[in-house]
Amino acid sequence: TDMGDFPVNPLVLIGVGSSFAFSGLFYHLYQEKKKELTKLKEIPVFKPDQHLVRVLKTSPHKRLQYVAVEGLVQADGEPLASQFVPRCFGVIQKITAEEHWKYWNSLSRTW
C-alpha cells in the first residue's frame, strides 16, 4: 500500500489552501492591531494644568498632534447616560481644525 494508491481530493486541497490563506490574513490583521495598540499606549497623557500649558507653548504652532487629557469635566446640559452601565455618565467634546492649503499652479503661475 503505497501513497499513490490514495487519490488526493481537490476539495481537500482547496480547504487546506484556504485555511492557510485565512490564517495568514488573520495573523496579518492581528499584527496590525497590535501595532496600533502599541502606538496608543505611547500617547502622552496630560492633566489640564500648567504643565500642559507649558508644553503647548513650546510646541510648534502651539499644537500637539495627538494626546490624551484626563480630568473632570462639567457638562453644558444633561450628561450622556450609559444604557448598559448604571450611574455611568459621559460628555462629548467636538473640536474641528481646518487647514487651508495653497498649491502652486506652474501653468498660470498662481497659488
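You'll find the structure just up there.
The present account deals with the structure reproduced in this document.

Conventions adopted
- Counting restarts for each chain, with residues numbered from 1 along the sequence as it is written.
- Local features are withheld for residues below a pLDDT of 70 in this predicted model, meaning they are given only at 70 or higher, and side-chain atom pairs are given and counted only at 80 or more; totals for whole chains, interfaces and linings count all residues.
- With hydrogens and water set aside, each side-chain value is computed from the structure's full complement of heavy atoms.
- In this description a helix means any DSSP run of H or I spanning at least four residues, a strand means any run of E spanning at least two, and both kinds are numbered starting from the N terminus.
- Each residue is assigned to one of three classes by its accessible area relative to the maximum for its type, calculated with a 1.4 Å probe on protein chains only: buried under 20%, partly exposed between the two thresholds, exposed over 50%.
- A contact between two residues is defined here by any heavy atoms of the two lying within 4.5 Å.
- What a helix should span is 1.5 Å times the count of its residues minus one.
- Nitrogen and oxygen atoms within 3.5 Å of one another constitute a polar contact, given that in protein one can donate a hydrogen and the other can accept it, and given that sequence-neighbouring residues count only through two side-chain atoms.
- Here the aromatic set is Phe, Tyr and Trp, taking the six-membered ring for Trp, and pairing holds for ring centres within 6.5 Å; pairs whose planes are under 30 degrees apart are stacked, those over 60 apart are edge-to-face, and all others are tilted.

### Considering the overall build of the protein chain
- On a plain count of helices and strands, the protein chain comes out with two helices and four strands.
- Considering the protein chain as a whole, with its 111 residues, one finds that 4% of them fall into the buried category.
- Of the contacts formed within the protein chain by residues at least 6 apart in sequence, a portion of 14% connects residues at least 24 apart.

### What to know about helix α1 (residues 10-41)
- Its 32 residues place the ends of α1 47 Å apart at the C-alpha level, agreeing with the 46 Å of an ideal helix rising 1.5 Å per residue.
- Of the residues that open α1, the one with a side-chain oxygen 3.0 Å from the backbone nitrogen of Leu11 is Asn9.

### A look at the environment of Gln65
- Examined against the element boundaries, Gln65 turns out to sit in the loop between α2 (50-58) and β2 (68-69).
- Separated by 22 residues in sequence, Gln65 and Ile43 place their C-alpha atoms 9.8 Å apart.

### Regarding unusual backbone geometry
- Despite not being glycine, Lys62 has its phi angle at roughly 55°, a positive value.
- Inspection of the secondary structure assignment puts Lys62 in the loop between α2 and β2.
- What makes Lys62 exposed here is its relative accessible area of 57%.
- Positive phi outside glycine occurs at Arg87, with the angle close to 55°.
- Along the polypeptide, Arg87 turns up in the loop between β3 (80-81) and β4 (89-90).
- For Arg87, a relative accessible area of 77% translates into the label exposed.

### Describing the packing of aromatic side chains
- By the definition in use, this model includes two aromatic pairs.
- Relative to Phe26, the ring of Phe22 lies with its centre 6.1 Å away and its plane at 20°, an arrangement referred to as stacked. In this pair, Phe22 and Phe26 are both assigned in helix α1, four residues apart and thus about one turn of the helix distant.
- Owing to a relative accessible area of 48%, Phe22 belongs among the partly exposed residues under this scheme.

### Considering the side chain of Ser59
- Within the secondary structure, Ser59 is located in the loop between α2 and β2.
- Since its relative accessible area comes to 10%, Ser59 is described here as buried.

Nothing here speaks to function; it is geometry throughout.
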